[in-house]
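Structure assessment
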Amino acid sequence: MTRKPFLNHNKLFTLTLVIVTTVIFSPTFFNDFQRSWDDQWMLLEHPLISDFSWEDLGYHFTSFYHSQYSPVNTIFYLAVYSLFGLNPGVFHASCLLVHILNVLLAFAILCVVIRKIKPAWKSTRIQGYSFLASLLFAIHPLQVESVAWISASKIVLYAFFSLLGLWFYLKYIQENHWRWYAGVLACYLLAFGSKEQAIVFPLNLIIFDWILGRYKGVRVDFKSASQPAVLDKIPFLILALGMWYFSLQNNLGSITAGPYPPGQRLLFAMSSFMDYVFRFIAPVKLYYLYFFPVGNGEKLPLYFWGYPLLVAICTAFIAYNYKRNNRLVVFGFLLFLVNISLVLHIIPMPRFAITADRYMYVSIIGLGLAVVWLVDYLVTTKNKWRKLSIVLFSVWLLFLSAHSFWRTTDWKDSDSIRQNINELIERRKLQNLHVTDNELENERNENTGAENAR
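1. Considerations on the nonpolar core
Within the largest apolar cluster, 139 residues are counted, with the highest numbers of intra-cluster contacts made by Phe208, Phe273, Phe331, Phe336 and Met360. Tallying contributions element by element places helix H6 (residues 88–117) first for this core, with 16 residues.

Structure, rendered in structure tokens:
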């Protein structure tokens, strides 16, 4: 009788993800609150946390607070505060715990999706793919802002409910039972209650429908098996419209001309798209704020006209893989694009930062999957590149791990993060682009031009 291994691959990968993520972000346990950068009004001075009442709780579920809708995130703070008080180490540990849960959910989801895309693959290869993509999601330096900054907990929370909703959706497709469908709807509402960015969740469901074969071809036939895949999206689209209307009533989500003309906004969208891709590959010179390159009415630098070419090359790469039926790469890029679509400035945003690391949180899963495919392709089909590919990928992972570890210390307190911001402000001054104190305060509150809470 053969003995079963103490740990199978699935458990080993899961344990490794938990340990590695905890070690890399361990400096966050010793970080303080950002007492002059959002933590003060989101947590330390929040009226619901310092003086809880059911009336105020109802208000926060029906209104925007400092032009943000995140009542679920506030309840998260309230729960931690009720159990442990205002202990910054516990709050940081709680944010890290949610991030770890997100990593494990990403691993579980990718195992199911990749098995559907590549049914002929062995389980160990599927788990290995999922592990490496989830590892990139776990340790990438772009994740530090979302994990090490307590005020960004709404990012990891909205991602948790979004990923949990996607997991429920996979169970719903598999079992076709209403309880899983109800779970997906509940997760959508909780995700939106954590952060408004979750409004794009139905687009993720459509991507999953496509990758799981629920649509028959490009054209949807309502008399075919595609009908359930169309009909079960209707409640989500209705909810999305309701969320958008709710945001409009609070002076957010308005589709207006904005301070920049449409042509410049289109170039901003292209530059943001490529900057996110480049920042994923080479996460150097990371800042809390990334200012617009020009002020209102000024001409864009000449180098901006190179972005359309780069976007065209990237689009051609995706189209090439689509024609070759390489659904892993296409799925990865769609996941990346959908989850940053709202922050590409095609629709004007009330922000004076053109990009932000935290906006990439969920999208990193998609790019991570595409990179793992590329490494696997070079290793398995290009013998002369095999050793070099393995070495470079390993070195890259070590670089990402070390960079995340040290960048977590940049978020130690307000003085530490201010040094990071001042460096960028000095660079902006050298470009004769002035940054006012009011602009900085507006970004702290993410509240340019919108109404404050009562």
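2. Some words on helix H4 (residues 54–62)
Three or more residues of H4 are buried, namely Asp56, Leu57, Tyr59 and His60. One side of H4 holds all its buried residues, which, seen down the axis, span an arc of 160 degrees. Residues of H4 that are exposed and point more than 90 degrees away from the buried face comprise Trp54, Glu55 and Thr62. Lining the buried residues of H4 we find helix H3 (47–50) and helix H5 (71–84).

3. Comments concerning a nonpolar patch on the surface
Taken together, the side chains of Phe278, Ile281, Leu309, Leu310 and Ile313 make up a nonpolar region of the molecular surface, amounting to roughly 460 Å² of accessible area. Elements with a minimum of two residues in the nonpolar patch: helix H14 (262–281) and helix H15 (307–323). With 3 residues, the single largest contributor to the nonpolar patch is H15. Within the fold, isoleucine 313 resides in helix H15.

4. Some thoughts on the packing of aromatic side chains
Across all of its chains, the model carries 37 aromatic pairs by this definition. Here the aromatic rings of phenylalanine 13 and phenylalanine 107 are separated by 6.3 Å at their centres, their planes lie at 75 degrees, and the arrangement is edge-to-face. Here phenylalanine 13 is found in helix H1 (residues 9–24), whereas its partner phenylalanine 107 is found in helix H6, with 94 residues between them in sequence. Of the two residues, phenylalanine 13 and phenylalanine 107, both sit in the buried class. With centroids separated by 5.6 Å and ring planes inclined at 45 degrees, the aromatic side chains of phenylalanine 168 and tryptophan 180 adopt a geometry described as tilted. Of this pair, phenylalanine 168 sits in helix H9 (residues 153–175) while tryptophan 180 sits in helix H10 (residues 178–194), and the two are 12 residues apart along the sequence.

5. What to know about empty space enclosed by the protein
In this approach the atoms are scanned with a rolling probe the size of a water molecule, which exposes any empty space left behind. Counted under the stated rule, the structure contains 2 cavities of 30 Å³ or more. Leu163, Leu166, Asn204, Leu335 and Val362 are, among the 18 residues lining the largest cavity, the residues nearest its centre. Of the residues forming the lining of the largest cavity, the biggest block, 4 residues, is contributed by H9. When the residues that make up the lining of the largest cavity are grouped by side-chain class, the tally is 14 nonpolar, 4 polar and no charged. Its boundaries defined by the atoms lining it, the second largest cavity holds a volume of some 100 Å³. Residue lining of the second largest cavity: 13 residues in total, with His46, Tyr65, Gln68, Ser70 and Thr74 positioned closest to the centre. Elements supplying a minimum of two residues to the lining of the second largest cavity: helix H2 (39–44) and H5.

6. Regarding the side chain of serine 130
Note on placement: serine 130 falls in helix H7 (residues 123–139). Residue serine 130 is classed as buried on the basis of its relative accessible area of 0%. One polar contact links the side chain of serine 130 to the main-chain amide nitrogen of cysteine 111, over a distance of 3.2 Å. In terms of polar contacts, serine 130 uses its side chain to reach the backbone carbonyl oxygen of isoleucine 126, at 2.9 Å. With near-sequence residues (within four places) excluded, serine 130 lies in contact with Phe107, Leu110, Cys111 and Ile114.

7. Digging into the confidence of the model for the protein chain
Looking at the protein chain, pLDDT values average 84 and 85% of them are 70 or higher. Mean pLDDT across the secondary structure elements of the protein chain bottoms out at helix H20 (residues 437–445), with 45, and peaks at H6, with 96. Predicted confidence for residues 1–7 stays below pLDDT 50, and this span has 2 contacts to residues more than four positions away or in other chains. The low-confidence segment residues 430–454, where pLDDT is below 50, has 55 contacts with residues more than four positions distant or belonging to other chains.

Thresholds, definitions, all that
Residues numbered from 1 in each chain as written. Predicted model: local features only at pLDDT ≥ 70, side-chain atom pairs only at ≥ 80, totals over all residues. Heavy atoms only, no water. Core = buried A, V, L, I, M, F, W, Y, C linked by side-chain atoms within 4.5 Å. Buried < 20%, exposed > 50% of the residue type's maximum accessible area, 1.4 Å probe, protein only. Helix = DSSP H or I, 4+ residues; strand = E, 2+ residues; numbered from the N terminus. Arc of directions from axis to C-beta. Contact = heavy atoms within 4.5 Å. Patch = residues over 30% accessible without salt bridge, like charges linked within 9 Å, V, L, I, M, F, W, Y side chains within 5 Å. Areas by Shrake-Rupley, 256 points an atom, 1.4 Å probe, with all protein chains shown as cover. Salt bridge = Lys/Arg side-chain N within 4 Å of Asp/Glu carboxyl O. Phe/Tyr/Trp six-rings, centres within 6.5 Å; stacked < 30°, edge-to-face > 60°. 1 Å grid on protein atoms, 1.4 Å probe; cavity = no way out; pocket = protein on both sides within 12 Å on 5 of 7 lines; lining within 4 Å. Points joined across faces, edges and corners; volume = space filled by probe spheres on them. Nonpolar A, V, L, I, M, F, W, Y, C, P; charged D, E, K, R; others polar. Polar contact = N/O pair within 3.5 Å; in protein donor to acceptor, adjacent residues only side chain to side chain. pLDDT = per-residue confidence, 0-100.

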